[in-house]
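# Overview (structure and organization)
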Amino acid sequence: MNDKRRTAWDITVAFFNRTTCHGLDQVTEAGRPIIGRLIWLLVIIGLFGGMCWQLIISVQEYTLFATDTELHEEFDSYIDFPAVSICNYNRFFNITDRAELAAVDGLIRTASPLKRLDDDVVWEHAIREYYKDLSHVPLLSKEVENRGWPLNDKTISKCMFTQKPCTYKDFKTFITPMGRCFTFTSKKKIIQSVPGSGHGLLLTLDIMQDYYSEHPEYGRPEAGIKVHVHEHDEAPKVEEFGVGIPAGQMGHLIVKKEERKLMYKPWGICNPTPMKMLYRKEYTFSQCMTECRVQYIVKKCGCKPYWSPIQERAPECSVGRILDCGGPAEALSLTLTPANCSCDQACNSVRYEHRLSYATFPGIEVGEKLSKELHESENKKEITDFKNIDVKTLLIGQKLNLTELDPYRLKLSQYRENHLMLDVYFESLSFTKISQSKKVTEISLAGDIGGLLGLWLGISVVTVGEFVQFFAQLCSNHCDSDDDEESSSSSASGYSLERKNRITPVIVTVDCSPNSPSNYDEPPYSPPESRNSLSVYSIYDI
């Protein structure tokens, strides 16, 4: 046992004397006083503790999964113009039949989170009675298509893109929960090469507020349009992400393009391999949530909602199905969260940030001219009476004597109630890139560990190899010592067994009584207590 300990110590001393780890040779240096060796040992232990402390901090910083965000701006000679989607706050127009209006309001009410139960039976019965007539449209999507906000040469009186005229034919129609909406887009690449107002998309729209039919309690209280700027291959989400432009205002929508590259989990919130979309090639967060809502309604009711933008195989919910299931399911689908739908943010995406400013539209002089042109085109006659002018406006006009100077000024308020102007443009031909990255990467963590090992004890990768070799030598020496012990023990045991097998015991019994015959002479002396006794002698014949 002492030989084995002595051998291990020899190996340790030899390693300490030749290793590249600084300070260990000072502990085992021959001729150094014992106090000096102890001091060097304490110094090395302290350095090792400091190294471990900083290594723990470095590893903890890595496990925090912190990120750095890099933001820089790039300039170009032009910039791709995004798609612009527009929805009117009112869903249905030109409904003069009170029964039809009540039926449409009732269908909308079924999907409202504010739905009450006190008079459900009454309006549900009215809806079923109205749609019993086969001449009425049985599908709500057809009702929206036929009664939705029209975009034509009357409702879009001015359309300019990059100082060139455009028409309503440059817009595509789509159905949303807000009703009939339109997107300015193109299969070809459309660009803006001159920054500033008037060099993007400029529209003058008639929102037809005189024909609004929203329910006063369950409908939308706003008047105007909602605008969403997005990528051309991305489904518009006007209701969720759009900004409002009120009537009688000119909205300057200043757009800024952002390209985002986010980090995946656990450093960020995006998923580099998101779930595959059922009906679109490109994954977007908004499209994922839309598909989730539609699939929820289809699973609950066996039919899809009227506003579904995806080519779901399920049929559209009929009026009866909306009342029985589709409406309540649609209201519940609004409570679905990204966690419920397994929808993650895309790691690479394009967003359009915006600023919005307003100005009164139109001004008095321009408004008088526009209202006059509109009035003449509709009525083909001059104003000769004030039957269609509200009393308050008439009194103001008479008090200021404006009707004698310009009677069309009294129509200006009506024009402003129904018209607005929208100007969408890039303020500069630049876009912002936002990139997230790991604050502590694997390479930087390895560099920190190597730097700390070298700083405190001069340890490098070569030194680590030396320690591995050292421990391997100790293990090999330990195993060899155990083998030698076992071999020695086995040899000794074998020799003893062999010697024992070669010994033959012989037992001789001698009767020393006087009457027994004996061929031996009487011994010269026999003690009294041993006489006439039986003596046993064990003789080994080796």
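Note that the structure is a prediction, hence the values are computed from the model and not measured.

An ideal rise of 1.5 Å per residue puts 18 Å on 13 residues; helix α4 (residues 98-110) measures up with 18 Å between its terminal C-alpha atoms. Three or more residues of α4 are buried, namely E100, A103, V104, D105, G106, L107, I108, R109 and T110.

Of the two faces of strand β11 (residues 243-246), the one lined by V243 and I245 is fully buried and the one lined by G244 and P246 carries no buried residue. With 4 bridges connecting them, strand β10 (residues 224-230) and β11 associate as antiparallel partners. When the sheet's bridge partners are listed, G224 is paired in β11 with P246.

Turning our eyes to something else, we now look at the confidence of the model for the protein. Per-residue confidence for the protein gives a mean pLDDT of 79, with 77% of residues at or over 70. Taken as a whole, residues 1-5 scores under 50 in pLDDT and shows 5 contacts with residues more than four places along the chain or in a different chain. In the model, residues 506-510 has pLDDT below 50 throughout and makes 13 contacts with residues more than four positions away in sequence or in other chains.

Before going further, it helps to examine the packing of aromatic side chains. Counted by the stated rule, this structure contains 15 aromatic pairs. Taking the centre distance of 5.7 Å and the plane angle of 80° together, the rings of F93 and Y212 count as edge-to-face. Here Y212 lies in the loop between β9 (201-206) and β10 and F93 lies in the loop between β3 (83-88) and α4, a separation of 119 residues in the sequence. Residue classification places F93 among the buried positions, given a relative accessible area of 1%. An angle of 50° between the planes, with centres 5.3 Å apart, marks the rings of F161 and F184 as tilted. One end of the pair, F161, is in strand β4 (residues 156-161); the other, F184, is in strand β7 (residues 179-184), and 23 residues separate them in sequence. Lying across the ring of F431, K257 places its NZ or CZ 5.7 Å from the centre. A cation sits over an aromatic face here: K438 above W267, 4.2 Å from the ring centre.

All right, on to unusual backbone geometry then. What you tend to see is this: most non-glycine residues have negative phi, and most peptide bonds are trans. The omega angle of the peptide bond from K265 to P266 is 5°, so this bond is cis rather than trans. Relative to the helices and strands, P266 is located in the loop between β12 (249-261) and α8 (285-301). Note the cis peptide between F361 and P362, where omega equals -10°. Inspection of the secondary structure puts P362 in the loop between β13 (348-360) and α11 (364-379). For F65, which is not glycine, the phi dihedral falls at a positive 55°. For F65, the location among the structural elements is in the loop between α3 (34-63) and β1 (67-75). Take F65: its relative accessible area is 30%, and that puts it in the partly exposed class. At M208, a position not held by glycine, the phi torsion is positive, near 60°. Residue placement: M208 occurs in the loop between β9 and β10. By relative accessible area, which is 10% here, M208 ends up buried.

Looking now at the side chain of R293. Topologically, R293 is positioned in helix α8. Put simply, R293 is tucked away with no salt bridge, and the nearest opposite charge, on E240, sits 4.4 Å away. Here R293 is in contact with E240, W307, E330, S333, L334 and L336, once residues within four sequence places are set aside.

So, on to the side chain of N90. Relative to the assigned elements, N90 resides in the loop between β3 and α4. Here the side chain of N90 touches F92 through a polar contact of 2.4 Å, landing on its backbone oxygen. If we ignore the near neighbours within four places in the chain, the residues touching N90 are M178, Y211, Y212, S213 and E214.

Right, let's get into helix α6 (residues 140-147). Three or four residues apart is the spacing at which side chains of an α-helix point the same way, because the helix has 3.6 residues per turn. For α6, the full list of buried residues reads L140, S141, E143 and V144. Relative to the axis of α6, the buried residues are bounded by an arc of 160° and lie together on one face. Structurally, α6 contributes buried residues whose contacts are with α4, β6 (171-176), β7 and α9 (319-333).

Let us look at a nonpolar patch on the surface. A contiguous nonpolar patch, built from I34, I35, L38, I39, W40, L41, L42, V43 and I45 and spanning about 860 Å² of accessible area, is present on the exposed surface. For L38, the location among the structural elements is in helix α3. The exposure class of L38 is partly exposed, given its relative accessible area of 44%.

The subject of this paragraph is the pattern of salt bridges. A full pass over the atoms with the stated rule returns 13 salt bridges. In this structure, K433 and E74 form a salt bridge, with 3.5 Å as the shortest nitrogen-oxygen distance. Separated by 359 residues along the polypeptide, K433 in strand β14 (residues 419-438) and E74 in strand β1 bring together distant segments of the chain. For K433, a relative accessible area of 25% puts it in the partly exposed group. Here E74 falls in the partly exposed class, since its relative accessible area comes to 28%.

At a minimum axis distance of 9 Å, the contact between α3 and helix α15 (residues 442-457) shows a crossing angle of 170°. When the axes of α3 and α15 are compared, the pair comes out roughly antiparallel. Facing α3, whose interface residues are I44, L47, F48, G50, M51, Q54, L55, S58, V59 and Y62, α15 presents E442, L445, D448, I449, L452, L453, W456 and L457. Taken together, the residues that form the contact of α3 with α15 break down as 13 nonpolar, 3 polar and 2 charged.

Rules of the game
- Residues numbered from 1 in each chain as written.
- Predicted model: local features only at pLDDT ≥ 70, side-chain atom pairs only at ≥ 80, totals over all residues.
- Heavy atoms only, no water.
- Helix = DSSP H or I, 4+ residues; strand = E, 2+ residues; numbered from the N terminus.
- Expected span 1.5 Å × (residues − 1).
- Buried < 20%, exposed > 50% of the residue type's maximum accessible area, 1.4 Å probe, protein only.
- Pairing = 2+ DSSP bridges.
- pLDDT = per-residue confidence, 0-100.
- Contact = heavy atoms within 4.5 Å.
- Phe/Tyr/Trp six-rings, centres within 6.5 Å; stacked < 30°, edge-to-face > 60°.
- Lys NZ or Arg CZ within 6 Å of the ring centre and 35° of its normal.
- Lys, Arg positive; Asp, Glu negative; His and termini not counted.
- Salt bridge = Lys/Arg side-chain N within 4 Å of Asp/Glu carboxyl O.
- Polar contact = N/O pair within 3.5 Å; in protein donor to acceptor, adjacent residues only side chain to side chain.
- Arc of directions from axis to C-beta.
- Patch = residues over 30% accessible without salt bridge, like charges linked within 9 Å, V, L, I, M, F, W, Y side chains within 5 Å.
- Areas by Shrake-Rupley, 256 points an atom, 1.4 Å probe, with all protein chains shown as cover.
- Axes fitted to C-alpha atoms, helices over the stretch in contact; angles between N-to-C directions.
- Parallel < 35°, antiparallel > 145°, perpendicular 65-115°, else oblique.
- Nonpolar A, V, L, I, M, F, W, Y, C, P; charged D, E, K, R; others polar.

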